Amino acid sequence: MTQIVGRVPRGHVVRAEGKTKIIWVRIRKRKKRGLAQNKPFVTAGDGKHREFVPGKEIAVTETTCNIFRLLNRSGIPTHYHKKINADTYLISLLDMIPIEIVVRRKAFGSYLKRNSHEAEGTTFAQPLVEFFYKNDTMSDPMMIWQPEHQCFRLYHPHEPPEERGAIGDLKAGLDPLIPRNEAEIERLEVIAIEAFLVLEEAFKHVGITLVDFKIECGYDQDRRLYIGDQIDGDSCRLWMGGDKSKAVDKDRYRNIVKQGRVPTPEERALIIGDYQRIATMASSFGLMGL
Ligand code: TMP
Ligand code: ASP
């Protein structure tokens, strides 16, 4: 369902619409580039819960543009070209790999549900990479590579894999965008870890611990790999001074929803304040000489 709340870019049509952003392409042009426009909504539970948070679209655009600029400058390829206006930026259009690539520095979130023996907040010496298959009906299952079968097996994202066992297989060749061998998996892991290390360092400079993040990648027409989608307070866990009680990310909203509530006016102000705080921090990345 198209639900355009920002301005419609002239001469463009919707290519794709997600829960929090719209990708636009030019009418009658070779479609190599498009516009990504953020929407003023915060969502959780695969979009089951949704709040209209005016101003969020501006804060996350500022955040994601500064993060992508930093990654591009650091030699990590992303789809980002330039900011167009407060809620919109220019991107290369990619064939997106339907995988959420999560990198973790600390044991938190769904990792703790799958690894119940691990203490919350344990720091991993090496960032840990996990793949989740983007599939709403299966609730984004975790993907575990089976070297002997050269394919991924799927597991419930919130249960230890040994408990419920596999819930399905991703048959090799089903989707040409899914990695088919160890070399393709490694390319995704490497780009994700490199991006994580750059952002971890940048956030460290402003006193924030990057606990984990989620990225999505895609290929251009020459099958070159880029980071696509968006990186912002919805897709990163960010703790001020490494303190969980001072998180400035979407967990504030996720926790409210978990209690079966909608945010109070005071909580709404804190939610938008978090997005703005992250935007302010990210705008300093360009000044850091990183
Ligand atoms: P998780 O601990 O719930 O697996 O989340 C890990 C990271 O991925 C966290 O920074 C939040 C982010 N994330 C998303 O961006 N989208 C999602 O749908 C989920 C589940 C997590
Ligand atoms: N991204 C998912 C949603 O918006 C869930 C999440 O981030 O926790 O519905």
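Under an unreviewed UniProt entry, the name given to the chain is phosphoribosylaminoimidazolesuccinocarboxamide synthase, and the organism recorded is Candidatus Azambacteria bacterium RBG_16_47_10. In UniProt, the chain has this text filed under Pathway (unreviewed entry): "Purine metabolism; IMP biosynthesis via de novo pathway; 5-amino-1-(5-phospho-D-ribosyl)imidazole-4-carboxamide from 5-amino-1-(5-phospho-D-ribosyl)imidazole-4-carboxylate: step 1/2." According to its UniProt record, the chain has this under Catalytic activity (unreviewed entry): "5-amino-1-(5-phospho-D-ribosyl)imidazole-4-carboxylate + L-aspartate + ATP = (2S)-2-[5-amino-1-(5-phospho-beta-D-ribosyl)imidazole-4-carboxamido]succinate + ADP + phosphate + 2 H(+)".

Residues in contact with ligand 1 amount to 14 residues; listed here are only the nearest, Arg104, Ser110, Asp212, Lys214 and Arg237. One nitrogen or oxygen atom from the main chain of Ser235 is found 3.5 Å from an oxygen atom belonging to ligand 1. A distance of 3.0 Å separates an oxygen atom of ligand 1 from a polar side-chain atom of Arg237. Across the complex, the protein chains shield 78% of the 450 Å² of accessible surface that ligand 1 would expose by itself. Contributing elements (two or more residues each) for the shell around ligand 1: strand S9 (99–106), strand S14 (208–215) and strand S17 (236–240). Of the residues in the shell around ligand 1, the class split is four nonpolar, three polar and seven charged.

Under the criterion given, the structure shown has nine aromatic pairs. Look at Phe68 and Tyr80: their rings are 6.2 Å apart centre to centre, the planes differ by 25°, and that puts the pair in the stacked class. Here Phe68, found in helix H1 (residues 56–73), pairs with Tyr80, found in strand S6 (residues 80–85); they are twelve residues apart in sequence, far enough to count as distant. The same class applies to Phe68 and to Tyr80, which are both buried.

Okay, the packing of H1 against helix H4 (residues 182–205) next. Interhelical geometry of H1 versus H4 gives an angle of 120° and a closest axis separation of 10 Å. In the crossing of H1 with H4, the sense of the turn from one axis to the other is right-handed. For the pair formed by H1 and H4, the contact residues are Ile67, Leu70 and Leu71 on the first element and Ala195, Val198, Leu199, Ala202 and Phe203 on the second. When its residues are assigned to classes, the contact of H1 with H4 shows eight nonpolar, no polar and no charged.

Below, the discussion takes up the site of ligand 2. The environment of ligand 2 is formed by Lys19, Thr43, Ala44, Gly45, Asp46, Gly47, Lys250 and Arg254. Within the backbone of Gly45, a nitrogen or oxygen atom sits 3.4 Å from an oxygen atom of ligand 2. Measuring from an oxygen atom of ligand 2, one finds a backbone N or O atom of Gly47 at 2.8 Å. In isolation ligand 2 exposes 270 Å². Once the protein is present, 70% of that is buried. Looking at the shell around ligand 2 residue by residue, the class counts come to one nonpolar, three polar and four charged.

Strand pairs in the sheet, formed through backbone hydrogen bonds, run parallel or antiparallel to each other. Here five strands make up an open sheet; going across it, the order is S1-S2-S3-S7-S6 and the pairing antiparallel. The open sheet terminates on both sides in strands that have one partner only, identified here as strand S1 (12–17) and S6. Put simply, the sheet's adjacent strands are angled 30° from each other on average, direction ignored. Both strand S3 (residues 33–38) and strand S7 (residues 88–92) contribute to a ladder of five bridges, which runs antiparallel. Following the sheet pairing, Leu35 is matched in S7 by Leu90. Taken strand by strand, H1 contacts S3, S6 and S7, and its axis lies near 150° from that of S6.

Another point: helix H5 (residues 251–258). Restricting attention to buried positions, one finds in H5 the residues Asp251, Tyr253, Ile256 and Val257. Looking at the buried residues of H5, the elements they touch are strand S4 (41–44), strand S5 (49–52), S17 and helix H6 (265–283). Backbone geometry just after H5 places Gly260 at a positive phi near 70°.

Each value, and the rule that gives it
- Residues numbered from 1 in each chain as written.
- Chains lettered and ligands numbered in written order.
- Predicted model: local features only at pLDDT ≥ 70, side-chain atom pairs only at ≥ 80, totals over all residues.
- Heavy atoms only, no water.
- UniProt positions renumbered as here; feature names shortened; annotations may be inferred.
- Near = heavy atom within 4 Å.
- Polar contact = N/O pair within 3.5 Å; in protein donor to acceptor, adjacent residues only side chain to side chain.
- Areas by Shrake-Rupley, 256 points an atom, 1.4 Å probe, with all protein chains shown as cover.
- Helix = DSSP H or I, 4+ residues; strand = E, 2+ residues; numbered from the N terminus.
- Nonpolar A, V, L, I, M, F, W, Y, C, P; charged D, E, K, R; others polar.
- Phe/Tyr/Trp six-rings, centres within 6.5 Å; stacked < 30°, edge-to-face > 60°.
- Buried < 20%, exposed > 50% of the residue type's maximum accessible area, 1.4 Å probe, protein only.
- Axes fitted to C-alpha atoms, helices over the stretch in contact; angles between N-to-C directions.
- Left-handed = near helix turned anticlockwise from the far one by under 90°.
- Contact = heavy atoms within 4.5 Å.
- Pairing = 2+ DSSP bridges.

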